[in-house]
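Chain residues, written in single-letter form:
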Amino acid sequence: MLKLPGLIDPHVHVRDPGATHKEDWTTATAAALAGGFTLILAMPNTTPPITSAARLDEALEAAYAKARCDYAQFLGAGPHNGGWFFPADLPYRAAGLKMYLDSTYGDLRLDEMTLWEPHFRNWPRDWPLVVHAEKRTLAAALLFAALYERPVHIAHVSRAEEILLIRRAKEKGIPVTCEVTPHHLFLSAEDIPAIAHGHPGRGEVRPRLATPTDVQALWDNLDVIDCFATDHAPHTLEEKDGEDPPPGFPGLETALPLLLTAVSEGRLTLDALVEKMYHNPRRIFRLPEQVQTWIEVDEAARWEIRASEQYTKCNWTPFEGRQVTGRVRCVVLRGREVFRDGEVVAPPGFGYNLRETETYEDPEPLECWL
Ligand code: NCD
Ligand code: ZN
Ligand code: ZN
């Protein structure tokens, strides 16, 4: 049995408030624990989106009552909320700021660069700013980071041109960090027919599944990838198979088994896995240490991924039927066993909001933040 730190997923769509038929704080955090994550950062593209203090309070109320693991909630950048001075503590009550600069799900997309400017200028430069920026939009976001001299974290990098640009930007000293999802590491556009089973909507995700060359580029540049993040984006099968299917894959319960399988095949070291799923997300997102918190993993367990055994409400996975090596046996959060052999035992409300918990100490900021 292998003991690892409780994992951190910096990119989760909880869907609460507004779309609790897809997922809610209870089910998302159960899925997190079953997947070995003890801390998730929730995205702001809910209905309504989380773009103000009032909206943040509303979302957190649901989280206080329902979360089974620890969490923090992102604020979203909209066209009119770039002031970020009042109330002055608002940014620090959030996981960070999320800016949607490309095709996504929800209404938070900001196309005009004039709308980016107040956020880059006013969001505290010592607090996380995450962008969904693909291809040339990524180049523009990196230029903003350089011009405004502030760190930026790139969500779900998926293409060769993107990872190479981030490598060059890091070499030049531009303060950039990035994450990659398991689905962009383990699936390409060539897998869409097998995922779709005649329902093309099931293959829809943003960024889209890329070419095998893009996938290989991610593996070849693992040293540039700071974090693995699931971008857990649950939508029901009825929605995926209906008209105008929403983009997104669930990922909380498949990420660690897929990555442990890569470890067992010698494609990834265990140290790199822990760095990208614990140490780096903790530093980049300035998260306190979760005391007496760890997971136990059976590295040799071979099993098959099945949606019917998952806690996510969305009831499907693009990895259905895949054989993996490595299974979470036990999760301990703050000294309490919260998951054991397939059973989530943490009650709703057990999770802490780590942006409002004094008992944890603040870790050192990243070098590039100083
Ligand atoms: C996400 C969602 O459904 O909220 N969908 C996706 O395909 N990744 C939105 C996003 O992460 O851009
Ligand atoms: Zn996105
Ligand atoms: Zn996302």
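Residues numbered from 1 in each chain as written. Chains lettered and ligands numbered in written order. Predicted model: local features only at pLDDT ≥ 70, side-chain atom pairs only at ≥ 80, totals over all residues. Heavy atoms only, no water.

Q: Account for the sheet that holds strand 13 (residues 336-340), naming residues and giving values.
A: Spatially, five strands are ordered 1-11-12-13-14 in an open sheet, and the strand pairing comes out antiparallel. Strands with a single pairing partner mark the edges of an open sheet, and in this sheet they are strand 1 (2-5) and strand 14 (343-344). Sheet topology note: the strand 12 (residues 323-333)/strand 13 ladder contains four bridges and is antiparallel. When the bridges of strand 13 are listed, L333 appears paired with R336. (Pairing = 2+ DSSP bridges. Helix = DSSP H or I, 4+ residues; strand = E, 2+ residues; numbered from the N terminus.)

Q: Mind laying out the coordination of the zinc ion (ligand 3), listing which residues take part and the relevant values?
A: Any two of four tetrahedral donors ideally make an angle of 109.5 degrees at the metal, while pairs among six octahedral donors ideally make 90 or 180 degrees. Around the zinc ion (ligand 3), the protein contributes the donor atoms H11 (NE2), H13 (NE2) and D231 (OD), at 2.0 to 2.1 Å from the metal centre. Around the zinc ion (ligand 3), the four donor atoms sit at angles spanning 88 to 139 degrees, and that spread fits a shape best called irregular. Linear spacing of the donor residues for the zinc ion (ligand 3) on their chain is H-x1-H-x217-D. Separating the zinc ion (ligand 3) from the zinc ion (ligand 2) is a gap of 3.8 Å. You can see H13 sitting in the loop between strand 2 (7-12) and helix 1 (25-34) and its partner D231 sitting in the loop between strand 10 (227-228) and helix 9 (237-241), a full 218 residues away along the chain. Side by side, H13 and D231 carry an identical accessibility label, which is buried. (Donors = N, O, S within 2.8 Å, 3.2 Å for Na, K, Ca; no water. Tetrahedral: all angles 85-135°; square planar, octahedral: opposite > 155°, others 65-115°. Buried < 20%, exposed > 50% of the residue type's maximum accessible area, 1.4 Å probe, protein only.)

Geometry only, nothing functional implied.
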